[in-house]
Amino acid sequence: MSFLIGENMTGGYGGADILHDCTIAADQGEIAVIVGPNGAGKSTAMKAVFGMLNIHTGRVMLDGEDITALTPQARVAKGMAFVPQTSNVFPTMSVEENLEMGAFLRRDNIQETIDQVYELFPILGDKRRQNAGELSGGQRQQVAVGRALMTQPKVLMLDEPTAGVSPIVMDELFDRIIEVARTGISILMVEQNARQALDIADKGYVLVQGRNRYTDTGQALMNNPDVRKSFLGG
Amino acid sequence: MELLNALILMANFVLVPALAYGSQLALGALGVTLIYGILRFSNFAHGDTMAFGTMAVILFTWWFQSMGINLGPLPTALLALPFGIAICAGFVLATDKLVYKFYRQQRAAPVIYVIASVGVMFVLNGIVRFIIGPDDQAFADGERFIVRARSFKEWTGLEEGLTIKVSQGITVITAVLVVAALFWFLNRTRTGKSMRAFSDNEDLALLSGINPDKVVMVTWIIAAALATIAGTLYGLDKSFKPFTYFQLLLPIFAAAIVGGLGNPLGAIAGGYVIAFSEIMVTYAYKKFVGYLAPGDWSPDSLLQLLGTNYKFSVSFVILLLVLLLRPTGLFKGKSV
Amino acid sequence: MTMNRNVLYFGIMAVLLIIVGQFQSWNLSLSILNLCLISAIMALGVNIQWGYAGLFNVGIMGFAALGGLAAVLISMPPVPAAWAAGGGGVLLSALAGAATIVGCIVAYAKLPKGGIRTAIIVAIGVIGFFIMRGIFVPATDAIESVDAAKTGYLGGLGLPVILAWPVGGLLAGGVAWVIGKITLGLRSDYLAIATLGISEIIVAVMKNEDWMTRGVKNVNGLSRPVPYEIDLQQALWFQNLCETLGQDVVTFSSIFVKLCYAGLFLIVLLAIFWLSERALKSPWGRMMRAIRDNEISANAMGKNVTARHLQVFVLGSMVVGIAGAMLTTLDGQLTPASYQPLRFTFLIWVMVIVGGSGNNMGAVLGGFVVWFFWVEAEPIGIWLMDTLTSGMAEDSGLRAHLLDSAAHMRLMTMGVILLLVLRFSPRGLLPEKTGHH
Ligand SMILES: Nc1ncnc2c1ncn2[C@@H]1O[C@H](COP(=O)(O)OP(=O)(O)O)[C@@H](O)[C@H]1O
Ligand SMILES: [Mg+2]
């Protein structure tokens, strides 16, 4: 069984169900990518895995433990971290304060982790005193990822980390994410740029209308003509 | 000489009173802006919270006075302040538990909180009048003046005197100390930073493991402390009358909005902007112009832009102008 | 079901008024009824804003006061000596004020953007203001010194007072338009704060501008839309009527006058109620409620939410203005100092919330119930305090304090009622009918 798995999840925001029997998972040191059309329920699936909405069937397992009933905060304490799609930084706080807030639950010395984040994203070290709200889109995404890494998570969940950044910055972000995965962290990521994302993915999920349409390795999905035609633009 | 007289006149009737009044408004507006930033509603009960806290301080002051405890030249109220703050904080936390908490759990619309705060305002209104009555209460004691007009005139040989009251000096010093402490708290401590984070982005704060209940509790306590301090300073400087504190709501809101709701620095700036505008617009410049004009000429009219009865309309006009031209305030506040 | 509830609650209300009539006096009962009717109209106005559109108006007092002002300006006879002394000056200064505003707007529109434009606008404003005040102050001083004990103001137009009702509505609507134009579309709190401010200012103006309202000297002796008691008592037909009914002429004359008022008020209430119901059920009203319940999606649907809110805000304020004029008419005098936020803003809010926000019938019921208890709470409170303190010594300081404070208990009680209803029964006594769920 995978390290993190959301199994047969069905649920939504209180009205009609958005997810239907949806399963997504990620293994240690592995990058799992979710792609699909707009409104397919990708963000919803991420929130479901993180406990931010109710699923009435299915369960979420982390390292063999059933965490379906835990609050998001409790999941953070268990070693999960989440970068939401939008408003994922504290805009009027400095970069460094953003990182400190990411480590809010930790009581030990966090300086080492801060330095690691600056090593991963050198630009953040340069702008540590600047408010996150004043940074460019790409830099803000780096702050967001950095903040999530501050808890030293075992699982990092990213909802469209490259939304609104230039292709060069995107490649760079992907490189960093691969680097993070190499340290043994599982990564579960939603991406609009399906082609590039599947390229670096160990595992891929294609969601359509809240259901799993295709599930395979990233490479296999890239080579699947149906997937290419409908979701990768030919 | 004439020029010096004119300057002293302005210092005496505009600068000194406006600095004191501005500090009082700034402290009040800080409370409003903090509540807005964290709890996301305009607290209409803030003026009456000030009245409530001040009332507690007055009762303690009287008690101390009756026991012969005092601070010498300083007002006894300063000694009573911590006790008043404790009582006010206790009351405010009780209202949060009984009233606001429910709407937080419901994730109610902001306007519902506002209505609830109006309800709390009237309850407070009733309690304060019930306990201490609707009339003026005197509770200032100790030395009255730092600088007296008479001795100032003798000392400088000028025609105009300068008066600085102890209450004005204390107001400004206390405001500086309180603001410094507050900013140290918000910018340097873990709890303070978590409050700012919560104000910035509530959802992300929750995802970071920040405990919302604690943030809300600390916010209420700080707001109660600020309200009590502001109210006590105002009461020492002018006098304590419950209805006046209700009326302070308008300039305080105006100060908070002018500075940008949710922005503490803005609240302070807003407090002084409102105070200076109010006093400058309602000041009669007749004598001032008389000094500056050549010879013995002086204008016939008072040269007063607005009567003091309308001082609240100054805050209101500034408020409307800001809403018209720059709804986020001078310093960027939270979303419109 | 709702029909039964309506009948039940209004039935209880009628019984209460009859009990007061039988056991206290019919005069009192009718006074309460008349104020219940006016309160119901105010509550209707607020319900249009809050119930239909979710707008929180904390300045009801100001709009009611504008209605009161209209009553004076329309019905009092003009004071020719005052007009001669300073009428021209006041008009001229108004003209100067208007010219200043126009000048600023023209400068804003015509000049290129920048520091120079701002400076010119400020200069026009300041100079214009001083010119205006230069004319205004001597003119009003002259007016106020004309037989200050009796008049000292310009008076009104000397028209029938009933005309003041629609005019009061127009005045209130005009001010509401300005406030709404500025604050609607921003956060909901801003409307609340701005209305709080404008109402305080309107009342301050009425208290201080003696040349217009006589300020705290009050304007007494407003003309009436109904007969005077003294005339009735001398009229033969009335004396005969009393004889056939077996009533005392003096008592019955005052009851008769109150009945006349009640009739007039009832007509206005029914008319406004009918119009509100029509509006609520029209496509316009349905859209209003759609916007209220889900502002964002309505916005996405391309409906101009702010413009709709402005309409509703102005209409509701007009209704409050009408009621304010009616109230001053009933009192027969304008007492600026009597405009207290508790009585005129807060009480009306309690009426709407207790009655049932969004439901016109609820607002009317709320007006009746809350006013009734507001009036009767005072004797009850004093009686309660008396009983509670009866164990204490006659000269006990605490006892005297508690008895003195009974009046303040009203504030607290109303606050507590509002909080309790908001929390435990937010839909009120007569909840809004929600058909579309
Ligand atoms: N907070 C919410 N409340 C109700 N419905 C929502 C919410 N967020 C998203 N939805 C709905 O859920 C569906 C899936 O949205 P989302 O998960 O954001 O899609 P994706 O991330 O794949 O673009 C959409 O129909 C959207 O309208
Ligand atoms: Mg999404």
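The rules we used
- Residues numbered from 1 in each chain as written.
- Chains lettered and ligands numbered in written order.
- Predicted model: local features only at pLDDT ≥ 70, side-chain atom pairs only at ≥ 80, totals over all residues.
- Heavy atoms only, no water.
- Helix = DSSP H or I, 4+ residues; strand = E, 2+ residues; numbered from the N terminus.
- Buried < 20%, exposed > 50% of the residue type's maximum accessible area, 1.4 Å probe, protein only.
- Contact = heavy atoms within 4.5 Å.
- Areas by Shrake-Rupley, 256 points an atom, 1.4 Å probe, with all protein chains shown as cover.
- Donors = N, O, S within 2.8 Å, 3.2 Å for Na, K, Ca; no water.
- Buried area = accessible area lost by both parts, 1.4 Å probe.
- Salt bridge = Lys/Arg side-chain N within 4 Å of Asp/Glu carboxyl O.
- Polar contact = N/O pair within 3.5 Å; in protein donor to acceptor, adjacent residues only side chain to side chain.
- Nonpolar A, V, L, I, M, F, W, Y, C, P; charged D, E, K, R; others polar.
- Axes fitted to C-alpha atoms, helices over the stretch in contact; angles between N-to-C directions.
- Left-handed = near helix turned anticlockwise from the far one by under 90°.
- Pairing = 2+ DSSP bridges.
- Near = heavy atom within 4 Å.
- Parallel < 35°, antiparallel > 145°, perpendicular 65-115°, else oblique.
- Domains from an automatic or database assignment.

Time to look at the overall build of chain A. Within chain A, the secondary structure is distributed over ten helices and ten strands. Counting only C-alpha atoms and orienting by the principal axes, one finds that chain A spans roughly 45 × 40 × 30 Å. Per-residue burial over chain A gives 55% buried out of 234 residues. Taking as baseline every contact in chain A between residues at least 6 positions apart, the subset at least 24 positions apart corresponds to 66%. Total accessible area computed for chain A in this model is approximately 10,000 Å², and 45% of it derives from carbon and sulfur atoms.

A few words on the coordination of the magnesium ion (ligand 2). Residues and elements named next belong to chain A. The protein atoms that coordinate the magnesium ion (ligand 2) are Ser 43 (OG) and Gln 85 (OE1), at distances of 2.0 to 2.3 Å. Taken together, the residues Ser 43 in helix H1 (residues 42-50) and Gln 85 in the loop between strand E6 (80-83) and helix H3 (95-102) connect sequence positions 42 residues apart. Look at Gln 85 and you get partly exposed, because its relative accessible area is 31%.

To continue, consider unusual backbone geometry. The backbone of A:Glu160 sits at a positive phi, close to 50°, despite the residue not being glycine. Residue position: A:Glu160 is located in the loop between strand E7 (155-159) and helix H7 (167-182). Residues other than glycine seldom take positive phi values, yet C:Asn218 does so here, at roughly 65°. Secondary-structure assignment places C:Asn218 in the loop between helix H8 (210-213) and helix H9 (229-234).

Our next topic: the interface of chain C and chain B. Tallying the contact residues gives 45 residues for chain C and 50 residues for chain B. Across the chain C to chain B interface the summed buried area is about 4,200 Å²; carbon plus sulfur atoms make up 78%. Connecting chain C to chain B are zero salt bridges. Along the contact surface separating chain C from chain B lie nine residue pairs in polar contact (both at pLDDT 80 or more). Among the elements that line the side of chain C that touches chain B, the one with the most residues is helix H7 (residues 188-208) of chain C, at 14 residues. Residues that form the side of chain C that touches chain B fall into these classes: 31 nonpolar, eight polar and six charged.

Moving on to the packing of helix H6 (residues 164-183) of chain C against H7(C). All names here are of chain C. The interhelical angle for the contact between H6 and H7, taken along N-to-C directions, is 145°, at an axis separation of 10 Å. In this structure, H6 meets H7 at a crossing whose hand is right-handed. The segment H6 lies against H7, with Val 175, Ile 179 and Thr 183 engaging Tyr 190, Leu 191, Ala 194, Thr 195, Ile 198 and Ile 202. When the residues that make up the contact of H6 with H7 are grouped by side-chain class, the tally is seven nonpolar, two polar and no charged.

On the side of chain A, 23 residues touch chain B, which itself brings 15 residues to the contact. For the pairing of chain B and chain A, the buried interface totals around 1,700 Å² over both sides, and the portion due to carbon and sulfur atoms is 56%. In this assembly, chain B and chain A are joined by two salt bridges. Across the pair A:Glu97 and B:Arg196 runs a salt bridge whose closest N-O atoms are separated by 2.8 Å. Scanning the region where chain B abuts chain A turns up seven residue pairs in polar contact (both at pLDDT 80 or more). Breaking the side of chain B that touches chain A down by element, the ones donating at least two residues are helix H7 (190-200) and helix H8 (202-207) of chain B. At six residues, the largest contribution of residues to the side of chain B that touches chain A is made by H7(B). For the side of chain B that touches chain A, a count of residues per class yields six nonpolar, five polar and four charged.

All names here are of chain C. Inspection of the secondary structure puts Val 312 in helix H14 (residues 305-331). In the structure, Val 312 is positioned 20 residues away from Gly 332 in sequence and 30 Å away in space, judged by C-alpha atoms. In contact with Val 312, other than residues within four places in its own chain, are Ile 48, Gln 49, Ala 53, Leu 55, Trp 284 and Met 288.

So, on to the sheet that holds E6(A). All names here are of chain A. The strand order across the open sheet built from six strands is E6-E7-E8-E3-E9-E10, with neighbouring strands paired in mixed fashion. Each end of this open sheet is capped by a strand with a single partner; those strands are E6 and strand E10 (211-217). Strand-to-strand twist in this sheet, taken as the mean axis angle between neighbours without regard to direction, amounts to 15°. Both strand E9 (residues 203-208) and E10 contribute to a ladder of six bridges, which runs antiparallel. When the sheet's bridge partners are listed, Leu 207 is paired in E10 with Asn 212.

Attention shifts here to the site of ligand 1. Taken together, A:Tyr13, A:Ile18, A:Pro37, A:Asn38, A:Gly39, A:Ala40, A:Gly41, A:Lys42, A:Ser43 and A:Thr44 make up the full set of residues near ligand 1. Take A:Thr44: an N or O atom from its side chain is 2.4 Å from an oxygen atom of ligand 1.

Residues and elements named next belong to chain B. Viewed as axis vectors pointing N to C, helix H2 (residues 46-66) and helix H3 (residues 77-106) meet at an angle of 135°, and their least axial separation amounts to 7 Å. Compared by their axis directions, H2 and H3 come out oblique. Every pair of crossing elements has a handedness; the one defined by H2 and H3 is right-handed. The residues of H3 that touch H2, namely those facing Thr 49, Phe 52, Gly 53, Ala 56, Val 57, Phe 60, Thr 61 and Phe 64, are Ala 77, Leu 79, Ala 80, Leu 81, Phe 83, Gly 84, Ile 87, Cys 88, Phe 91 and Val 92. Each residue belonging to the contact of H2 with H3 can be placed in one class, and the counts come to 14 nonpolar, four polar and no charged.

A word on the side chain of B:Ser167. Residue placement: B:Ser167 occurs in helix H6 (residues 166-188). Discounting residues that sit within four places of it in the chain, B:Ser167 has contacts with B:Leu236 and B:Asp237.

Next up on the list: the pattern of salt bridges. Taken as a whole, this structure holds 18 salt bridges over all chains when the rule is applied. For A:Glu172, the salt bridge goes to A:Arg176, with nearest N and O atoms at 3.1 Å. Of this pair, A:Glu172 and A:Arg176 both sit in helix H7, four residues apart, which is roughly one turn of the helix. Here A:Arg176 falls in the buried class, since its relative accessible area comes to 19%. One salt bridge connects C:Glu229 with C:Arg224, and the closest N-O pair in it is separated by 3.1 Å.

Another point: the pairing of E6(A). Residue and element names in this part refer to chain A. Covered by surrounding structure in E6 are Met 80 and Phe 82 together with Ala 81 and Val 83, the residues of both alternating faces. With four bridges joining them, E6 and E7 adopt parallel strand pairing. Of the residues in E7, the one forming a bridge with Phe 82 is Met 157.

Residue and element names in this part refer to chain C. Assigned domains of chain C: these are domain 1 (2-78 + 155-424) and domain 2 (79-154). For domain 1 and domain 2, the distance between their C-alpha centroids amounts to 34 Å. Contacts between domain 1 and domain 2 engage 13 residues on the former and 15 residues on the latter. Buried area between domain 1 and domain 2, summed over both chains or domains, comes out near 970 Å², and the portion from carbon and sulfur atoms is 55%. Scanning the region where domain 1 abuts domain 2 turns up zero salt bridges. The tally of links between domain 1 and domain 2 comes to seven residue pairs in polar contact (both at pLDDT 80 or more). Tallying contributions element by element places H8 first for the side of domain 1 that touches domain 2, with three residues.

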